[in-house]
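# Topology and contacts: notes
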Amino acid sequence: MRRSTQAPRFTSDSLRFLRALKRNNRREWFNAHRDDYEAHVRQPMADIIARLADDLRGFGPEYVANPKTSMYRIYRDIRFSENKAPYKTHVAANFPTRGLPKHEGAGLYFHVSPDDVWIGGGMYAPQQPQLHAVREHIAAHSRRLRALVESPGFRRDVGTLEGERLQRVPRGFPKDHEAAEYLKFRQFLAGREFEPVFATSPKFYSSLLAVFKRVAPVTRFLNEPLTKSKG
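All of the points below concern the structure found in this document. (Residues numbered from 1 in each chain as written. Predicted model: local features only at pLDDT ≥ 70, side-chain atom pairs only at ≥ 80, totals over all residues. Heavy atoms only, no water.)

This part is about the pattern of salt bridges. Applying the stated criterion to the full structure yields ten salt bridges. One salt bridge connects lysine 22 with aspartate 115, and the closest N-O pair in it is separated by 3.1 Å. With lysine 22 in helix α1 (residues 12-23) and aspartate 115 in the loop between β2 (107-112) and β3 (117-123), this pair connects stretches of sequence that are 93 residues apart. Close ionic contact of arginine 79 with aspartate 77 constitutes a salt bridge, the shortest N to O distance being 2.7 Å. What makes arginine 79 exposed here is its relative accessible area of 61%. (Salt bridge = Lys/Arg side-chain N within 4 Å of Asp/Glu carboxyl O. Helix = DSSP H or I, 4+ residues; strand = E, 2+ residues; numbered from the N terminus. Buried < 20%, exposed > 50% of the residue type's maximum accessible area, 1.4 Å probe, protein only.)

Turning our eyes to something else, we now look at the packing of α1 against helix α3 (residues 34-59). In the contact formed by α1 and α3, the axes pass within 9 Å of each other and the chain directions differ by 115 degrees. The two elements α1 and α3 cross, and the hand of that crossing is left-handed. Between α1, through Asp13, Ser14, Phe17 and Leu18, and α3, the contact on the second element is made entirely by Asp36, Tyr37, His40, Val41 and Pro44. Residues belonging to the contact of α1 with α3 are distributed by class as follows: five nonpolar, two polar and two charged. (Axes fitted to C-alpha atoms, helices over the stretch in contact; angles between N-to-C directions. Left-handed = near helix turned anticlockwise from the far one by under 90°. Contact = heavy atoms within 4.5 Å. Nonpolar A, V, L, I, M, F, W, Y, C, P; charged D, E, K, R; others polar.)

This part covers the nonpolar core. In terms of nonpolar packing, the biggest core is built from 66 residues, with Leu52, Phe95 and Phe110 touching the most fellow members. It is helix α9 (residues 204-230) that contributes the most residues to this core, twelve residues altogether. Residues in contact with phenylalanine 95, not counting those within four places in the same chain, are Ile49, Leu52, Leu56, Tyr63, Val64, Ala65, Ser70, Gly107, Leu108, Tyr109, Phe110 and Phe212. (Core = buried A, V, L, I, M, F, W, Y, C linked by side-chain atoms within 4.5 Å.)

Next up on the list: the environment of threonine 69. Assignment of secondary structure puts threonine 69 in helix α4 (residues 67-70). Separated by 25 residues in sequence, threonine 69 and asparagine 94 have C-alpha atoms that sit 7.9 Å apart.

Here is the structure:
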C-alpha cells in the first residue's frame, strides 16, 4: 500500500465537534452526532497513529503504536466520580513501551482538546517500587540524564523536565547528590503545549515527530531499570 504524502492532522471540524461536545456532554447529543465523531475525530486520530507506527520504527521501535492499544476511549469512567458527564472532551493517544503494561513505565502521549494541544511523554504515576528503581538509576547515571534534558535541542523543542516533586531529597540518597533536583521528582513529564488550532496546521505532524524524537530518549532512560527487571 502506497504511503500518503500528505501529513495526517485534524481539521476545523474536529475542533468544532470537541467544542460542541464540551457544551453538550450528554448521551442523546453524542448518539445524534456519532457519525461526526467517527469522521472528524476518531478517523484522523487513527490515521495519525498509523503513520506513527511507521515513523516510530526509525527512532523508537520499542513504542507500541496501533489504534486499539494507543487510542483512549471517548467514554469517561464515571463510577466513582462526582462529575457524571459521560464523555471526555479531548482525544488522546498513548504509546507505551513493549513488555511493560500500558500504564506502567514511561511512554509517549499527545492530546487535542478545545483548550490546548499537548505533545510529549514521560512517567505520570509510577508506583513506589518503580519510582525507587528510577531514582536509583538517576543517581547512578545522572550525567546521562542531564545530557538529555539540559541539551539545547531539548530545551528548544520541548522545554524542561516537569512534574510533581518532593521538597527534600528522598530518604536513602545524599542531600548533596549532583542529581538532587532530579531525585525529588515524583513524576517525570516532558512536553510542549500548543493552541488548539495547531492540530489543524500542516506543521502539526512534523512538530509531533520533532517533540517525540526529543522525548523518546528520556522515556527510554526512565524505562531502563524497569525493562531490565522484566528481562
